[in-house]
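# Topology and contacts: notes
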Amino acid sequence: MTAASATIPAEHREDVERLWNYHNMGHEIRPVDVGIGLGSHDLGVAKIATELYFKKMYPWLVFTGANAPTTIETFPRGEAIHYRGYAVENGVPADAILVETQARNTSQNIEFTRAALIEQGIEAYSVILMTRPYQQRRAYATCRKIWPEIEVTCTSLPLSLDEYVARIGNPKKVIDMLVGDTQRIEKYADFGFAIPQDFPDNVRESFLRLAKSGYTSRLV
């Protein structure tokens, strides 16, 4: 894909930016007991997890994730394994990292990480969840449902929308993912997978316009 084609179509930019901003929780990041990197196709999760470790935001780091259809080619050994490899190569001590390799969705990421920490005797009262930029809100809502007693904040590698699209190299994939995650905010609350979140009318309108324009591959 050329640089010219790796951009958000002008006719959809306002709607895409609105969804992008909606999913950014804007949490203030402070030291916590454990950092948790949620597996995905985006190595930026491992990068921000590594950066925050060296900023002394947590003494323990968990990478969680098996594989999904969108990650099997990029991370054939599994999402968490590749994330750990990045962190260790960039100086994070191997004995500060736990790896959870079975989770195949966000609920399992949280549930299995919690179990792994208990098994290792690591007490956690506060965590930072590190995700793709457009997964922050869903990850937060899921964690609050699955692990209600934990203090949770969310963050991602700090990139603008255009920087992120350039990094991924596929605007349609990014928009499809944004649209899919936006739909899941309400759907997963209805299914009992997550706590309800505010869903402004202008966000709903942008979601519907983008879905109508064909960005539907990640809808449930």
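Definitions and limits used
- Residues numbered from 1 in each chain as written.
- Predicted model: local features only at pLDDT ≥ 70, side-chain atom pairs only at ≥ 80, totals over all residues.
- Heavy atoms only, no water.
- Buried < 20%, exposed > 50% of the residue type's maximum accessible area, 1.4 Å probe, protein only.
- Helix = DSSP H or I, 4+ residues; strand = E, 2+ residues; numbered from the N terminus.
- Contact = heavy atoms within 4.5 Å.
- Phe/Tyr/Trp six-rings, centres within 6.5 Å; stacked < 30°, edge-to-face > 60°.
- Lys NZ or Arg CZ within 6 Å of the ring centre and 35° of its normal.

Attention now moves to helix α5 (residues 136-146). Of all eleven residues making up α5, eight are buried, and the element is well covered by its neighbours. Residues Gln136, Arg137, Arg138, Ala139, Tyr140, Ala141, Thr142 and Cys143 constitute the buried set of α5. Contacts made by the buried residues of α5 are with α1 (13-23), β1 (34-38), α4 (106-119), β4 (126-130), β5 (151-155) and α7 (171-191).

In total, this model carries eight aromatic pairs according to the counting rule given. For the pair Tyr134 and Tyr164, a centre-to-centre distance of 6.0 Å together with 80 degrees between the ring planes defines the contact as edge-to-face. With Tyr134 in the loop between β4 and α5 and Tyr164 in helix α6 (residues 161-168), the pair connects residues that are 30 residues apart, well separated along the chain. This pair shows no difference in class: Tyr134 is buried, exactly as Tyr164 is. Members of the aromatic cluster, joined through ring pairs, are Trp20, Tyr134 and Tyr164. Directly above the ring of Tyr22 sits Arg137, whose terminal nitrogen or CZ lies 4.2 Å from the centroid.

Attention now moves to the environment of Val152. Assignment of secondary structure puts Val152 in strand β5. Val152 has contacts with His27, Val127, Leu129, Tyr140, Cys143 and Arg144, leaving out every residue within four places of it along the chain.

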